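# Per-entry structural report
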Amino acid sequence: AAVRPMKPIFSILAFVCAAALGQAAEPTKLKLHWAKNMLTISGAHLPGKEMKIHYLEAYCRDNSQTTNWGRHTVVGHKTRLLSRTGDGSQLRLHCDVNDGVTVEHVITATHDEVDFRLTAHNPTTRRSEAHWAQPCIRVGKFTGTGADATADKYAYIKKSFVYLDGQRAMMPTQGWATEARYIPGQVWAGPGVPRADVNPRPLHPAVPGNGLIGCFSGDGSMIFATAFEPYQELFQGVIRCLHSDFRLGGLAPGETLEITGKIYLVKNDEAALLKRYHKDFPTHKALHRPGKK
């Protein structure tokens, strides 16, 4: 009997194996979940397995650096979930701010970042009271300094950084401020932002060297960093948290503003992170040019 040629079978097996290997090599996406104003990022490859964000903690008024947080700063709002994809890689949220502004949020995750696309609109006949807003990103688990690891709420600060004078500066940085209406914490007002219009926590004398704020994972293998455009301030808070708080600027009647943001959860390669940040936020180069106040 004739022997059937084996070459086609081997070819098919080789194709199947190659396809399987390719599929296995595909990075696993981070997953997103939102409920009761808390956004959760989760993934088996994420240090601490999950990162929670008070999203959004608050919409805020101007002239806030020395005023009462509850009575003056906060403009109330309500957020609701519009949709979530089956794989958890994208959420859509809608915010109604008490002064009439609406904000649509499209939040999308890959294996090493979360992308934010926001559209704020003022449909009213009055200028909006909301000048900025706070996504409060809890980094205790990521840095290995969560409540289950240490009672020191501020242990994470030594793993955290901003950029000053073109260089990464680990916290607490030179010039660390210690006096304010509410302590502790640290605020860096963004370039061109009135210093009276930021969080009522200690205000650092320096303007940030770029728009990133971040920290290193507990084992040193990864970097968390975040940036928004436009942004109001960078902030080291009091709930094991770091912020890049985005700017609204008090929308005029009928005005619409597009806001973008990123959370990077990447390998510990600072040069690669900076290259990616500058590509994602090309306007920040001019915003942070030397001498910009």
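The model shown is predicted, which means the values in this text are computed figures rather than measured ones.

### Side note on the nonpolar core
It is characteristic of soluble globular proteins that their nonpolar side chains tend to be buried jointly. With 51 residues, the main nonpolar core has Ile41, Tyr59, Phe224 and Leu265 as its most contacted residues. Those residues in contact with Leu265 that lie beyond four places of it in its chain are Leu30, Ile41, Leu46, Met51, Asp112, Phe142, Met222, Ile223 and Phe224. Ranked by size, the runner-up nonpolar core spans 12 residues in total, among them Ile223, Ala227, Tyr277 and Phe281.

### Focus on the pattern of salt bridges
Any two side chains of opposite charge can pair, so long as their charged atoms come close to each other. Throughout the structure, instances matching the rule amount to nine salt bridges. With a shortest N-O distance of 3.1 Å, Glu50 and Lys141 are connected by a salt bridge. Taken together, the residues Glu50 in strand β3 (residues 50-60) and Lys141 in helix α3 (residues 140-143) connect sequence positions 91 residues apart. Residue Glu129 pairs with Arg61 through a salt bridge whose shortest N-O separation is 2.6 Å. Of this pair, Glu129 sits in the loop between β8 (113-121) and β9 (132-138) while Arg61 sits in the loop between β3 and α2 (69-73); the two residues are 68 residues apart in sequence, bridging distant segments of the chain. The partly exposed category is assigned to Glu129, whose relative accessible area is 37%. Salt bridges linked by common partners bring Asp112, Glu113, Asp115, Arg117, Lys262 and Arg276 together as one network.

### With respect to the packing of aromatic side chains
Counted according to the given criterion, the structure contains eight aromatic pairs. Ring geometry for Phe142 against Phe224: centres 6.4 Å apart, planes inclined by 65°, an arrangement best described as edge-to-face. Here Phe142 is found in helix α3, whereas its partner Phe224 is found in strand β14 (residues 222-229), with 82 residues between them in sequence. Every member of this aromatic cluster is reached through a ring pair, and the members are Tyr55, Phe116, Phe228 and Phe246.

The rules behind the values
- Residues numbered from 1 in each chain as written.
- Predicted model: local features only at pLDDT ≥ 70, side-chain atom pairs only at ≥ 80, totals over all residues.
- Heavy atoms only, no water.
- Core = buried A, V, L, I, M, F, W, Y, C linked by side-chain atoms within 4.5 Å.
- Buried < 20%, exposed > 50% of the residue type's maximum accessible area, 1.4 Å probe, protein only.
- Contact = heavy atoms within 4.5 Å.
- Salt bridge = Lys/Arg side-chain N within 4 Å of Asp/Glu carboxyl O.
- Helix = DSSP H or I, 4+ residues; strand = E, 2+ residues; numbered from the N terminus.
- Phe/Tyr/Trp six-rings, centres within 6.5 Å; stacked < 30°, edge-to-face > 60°.

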